[in-house]
Amino acid sequence: MFTKITSYDKIYPYDFWSRRHKNLKTRYLQFNKKDMALAGELIRRGELVAFPTETVYGLGANAFDEQAVKNTYLAKGRPSDNPLIVHIWDKSQVFDIAREVSQDALKVIENVMPAPITIVLPKKDVIGDSITAGLDTVAVRMPLSVQAREFLHSASVPVTAPSANLSGRPSPTTWQRVAEDMDGRISAVLCGDDCAVGIESTVLDLSRDEPVILRPGAVGAKQLSELLGKQVKILTDPNSKVNSPGVRYKHYAPNVPMVLDLSEDATKLAEFYDAKVKEGYHPVLWVRFPERFSGKNVYPMGTKIDDAAHGLYEHMRILERTYDFIIASVCPSDEGLGVGVLDKLVRASGHNLI
Ligand code: AMP
Ligand code: MG
């Protein structure tokens, strides 16, 4: 059904894990009563279970079990100073986790959640330092995905979850991609639906005087500004003093060179493509309108922004295996999902704009 890529074990040495879990056999669970109960029990026992959400697949651990949370970092090979999001299935759980819930936070909880949004609030002591990387705040998310909430309800504890990929790989949006990265490293994968949105949640910091979007996603600044009756800014400078440890990290970039064009100018793109062919590359144009380029390698990005987001990480995994130079092109957008997609593409291209 999938190929386990064993060479990753060399890149991500997992000594502690393999000693503890020799011959760890990952279970592939379905959405039936018996398997859901088992998934919840595994979480409560301190095991790691990957599960679907509407954004990307998450790698779940019991938020109240410090060792389980630490194992998440080990399983992913993720730096432990990058904090984790705590996932809940019921709005009332926010008050178990957060020390203060401001008026703005109440509005978001009431009117937006459940949604592909994460809110950052001052944390209660029950939330350990290994979750927040020592910060005084906690990131909370209630997924829109019914499958995600069923799983969280079955776990009956808040569940920390980063994306269920090895650190440095694209986030998985299907259970098969989770299996590719995590087979033999985690206890179970819940085999649910493909992720509807396809990119990570909007991260909205509500722990300071002014609300700030630390990471753009499907819930946009305009919608949030209208709701809160004040301007919600998007943090664009990753070196700013605002507390957003995650955005410091390089996000996924394909393992072949990639450039990004924001003009969607077919003549310019065709010329750039031809120049790369002359240099000896086997390039591909990853564009919204592939029919504009006859006789060239093209890959459709999806004409609508929802489609572009939905397939973004999956396309990157496919393209880097097939071609040795990616020429991506999008029309820049300043709202909602468009900002999120652009952010991921800019990072994937290493800020290499043409
Ligand atoms: P990921 O697990 O890859 O979806 O990344 C989690 C994101 O949430 C990162 O961008 C983190 O920086 C952000 N995050 C988690 N907890 C906090 C927090 N307490 N304060 C600010 N950002 C946070
Ligand atoms: Mg991630």
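Residues numbered from 1 in each chain as written. Chains lettered and ligands numbered in written order. Predicted model: local features only at pLDDT ≥ 70, side-chain atom pairs only at ≥ 80, totals over all residues. Heavy atoms only, no water.

A few points about the overall build of the protein
1) Next: Secondary structure summary: the protein contains 14 helices and 15 strands in total.
2) Next: Put simply, the protein has 354 residues, and 56% of those count as buried.
3) Next: Pairs at least 24 residues apart make up 70% of the contacts formed inside the protein by residues separated by at least 6 positions.
4) Next: Of the roughly 15500 Å² of accessible surface on the protein, a fraction of 50% belongs to carbon and sulfur atoms. (Helix = DSSP H or I, 4+ residues; strand = E, 2+ residues; numbered from the N terminus. Buried < 20%, exposed > 50% of the residue type's maximum accessible area, 1.4 Å probe, protein only. Contact = heavy atoms within 4.5 Å. Areas by Shrake-Rupley, 256 points an atom, 1.4 Å probe, with all protein chains shown as cover.)

Looking at the packing of helix α6 (residues 103-111) against helix α10 (residues 221-228)
1) Next: Relative to each other, α6 and α10 sit at 115°, their axes nearing to 10 Å. Pair α6 / α10 crosses with right-handed handedness. Residue-level inspection shows Asp104, Lys107, Val108 and Asn111 of α6 in contact with α10, the latter providing Leu224, Leu227 and Leu228. (Axes fitted to C-alpha atoms, helices over the stretch in contact; angles between N-to-C directions. Left-handed = near helix turned anticlockwise from the far one by under 90°.)

Thoughts on the sheet that holds strand β9 (residues 202-205)
1) Next: Spatially, 11 strands are ordered β1-β8-β2-β3-β7-β4-β6-β5-β9-β10-β11 in an open sheet, and the strand pairing comes out mixed. Edge positions in the sheet fall to β1 (27-29) and β11 (233-234), since each of these pairs with one other strand and no more.
2) Next: In terms of strand pairing, strand β5 (residues 117-122) meets strand β6 (residues 137-141) through five bridges, oriented antiparallel. Of the residues in β6, the one forming a bridge with Ile119 is Val140.
3) Next: Strands β1, β2 (49-51), β3 (58-62), β7 (159-160) and β8 (188-190) of the sheet are contacted by helix α3 (residues 33-44), whose axis makes an angle of about 130° with β1. (Pairing = 2+ DSSP bridges.)

Quick notes on the packing of aromatic side chains
1) Next: The final tally for this structure, using the stated rule, is four aromatic pairs.
2) Next: When the ring of Tyr28 is compared with that of Trp175, the centres are 5.9 Å apart and the planes differ by 50°; the resulting orientation is tilted. Of this pair, Tyr28 sits in strand β1 while Trp175 sits in helix α9 (residues 175-182), and the two are 147 residues apart along the sequence.
3) Next: Here the aromatic residues Phe272, Tyr281 and Phe325 are joined through ring pairs into a cluster of three or more. (Phe/Tyr/Trp six-rings, centres within 6.5 Å; stacked < 30°, edge-to-face > 60°.)

Thoughts on the side chain of Ser130
1) Next: In this structure, Ser130 sits in helix α7 (residues 129-132).
2) Next: In contact with Ser130, other than residues within four places in its own chain, are Glu66, Val69, Lys70 and Tyr73.

Some thoughts on the pairing of β9
A regular strand places its side chains so that they alternate between the two faces of the sheet.
1) Next: Here β9 shows no split at all, with Thr202 and Leu204 on one side and Val203 and Asp205 on the other all buried.
2) Next: Relative to β9, β5 runs parallel, the two sharing four bridges. Residue Thr118 lies in a different strand from β9, and its bridge partner there is Val203.
3) Next: Pairing of β9 with strand β10 (residues 212-215), which is carried by three bridges, proceeds in the antiparallel orientation. Counterpart to Leu204 in the pairing with β10 is Ile213.

Overview of the confidence of the model for the protein
1) Next: Put simply, the protein has an average pLDDT of 89, and 89% of its residues get 70 or more.
2) Next: Note on residues 238-245: pLDDT under 50 across the span, and 16 contacts to partners over four residues away in sequence or across chains. (pLDDT = per-residue confidence, 0-100.)

Comments concerning helix α4 (residues 66-76)
1) Next: Restricting attention to buried positions, one finds in α4 the residues Ala68, Val69, Asn71, Thr72, Tyr73, Ala75 and Lys76.
2) Next: In this structure Asp65 caps α4, since a side-chain oxygen of it lies 3.1 Å from the backbone nitrogen of Gln67.
3) Next: Immediately downstream of α4, the backbone of Gly77 shows phi near 70°, a positive value. (Polar contact = N/O pair within 3.5 Å; in protein donor to acceptor, adjacent residues only side chain to side chain.)

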